[in-house]
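# Working through the structure, step by step
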Amino acid sequence: MKRKQLESYLEEVIQFSNPKLDLEQYATDPHLAASVLYTMESSFGDLQDKSVLDLGAGCGVLSIGSVMLGAGSVTSVELDSDAIEDLQDNISEFEIDNIDIIQGDVTSDLLRFLPHFWNVVSVF
């Protein structure tokens, strides 16, 4: 998949329906997400058939883009239940079946996740 095509798909991802300022929630720009993920795969081969951990997944732009570029599995960690609902809606809309969602706080639960993944994607 070309970067521009990935960006076009990511523009369709539903963004936060109820962003929370105290959690510093903001939408990940589709151009930025496509550029980062495309570079990860095309330059380094870091997505195809790999396990990806998306910390602070929000609505799932990086999770969904990772799957579109061939990730074997993605685990999306998100604290906010409203964002998880948006993420679940996006997963359904794109008919994706290899994203697992964990509700958790990445600042306190981080070490239990890291040993199991090839890549960690996050925009903080």
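Look up a bit, the structure's there.
Numbering of residues starts from 1 in each chain and follows the order in which that chain's sequence is written. Thresholds applied to this predicted model are a pLDDT of at least 70 for local features of residues and 80 or more for the giving and counting of side-chain atom pairs; totals over whole chains, interfaces and linings are not thresholded and use all residues. Derived side-chain values reflect all non-hydrogen atoms in the structure, with water molecules and hydrogen atoms excluded from consideration.

## Here's the deal with the nonpolar core
Put simply, the rule reads: Put simply, a nonpolar core is a bunch of buried Ala, Val, Leu, Ile, Met, Phe, Trp, Tyr and Cys residues held in one set by side-chain atoms that sit within 4.5 Å of each other. Exposed residues in this analysis have more than 50% of their type's maximum accessible area, buried residues have under 20%, and partly exposed residues fall in between, with area computed by a 1.4 Å probe over protein chains only. Helix numbers and strand numbers start at the N terminus; a helix is a DSSP run of H or I with at least 4 residues, a strand a run of E with at least 2.
L10, L37 and I99 are the most contacted members of the largest nonpolar core, which totals 21 residues. Residue assignment for this core shows that the elements contributing at least two residues are α1 (3–10), α2 (30–44), α3 (61–68) and α4 (81–93).

## Focus on unusual backbone geometry
The backbone of E24 shows a phi angle near 50 degrees, a positive value even though the residue is not glycine. Relative to the helices and strands, E24 is located in the loop between α1 and α2. Judged by its relative accessible area of 63%, E24 falls in the exposed class. You will see that D49, though not glycine, has its phi angle at about 60 degrees, which is positive. Take D49: it is sitting in the loop between α2 and β1 (51–55).

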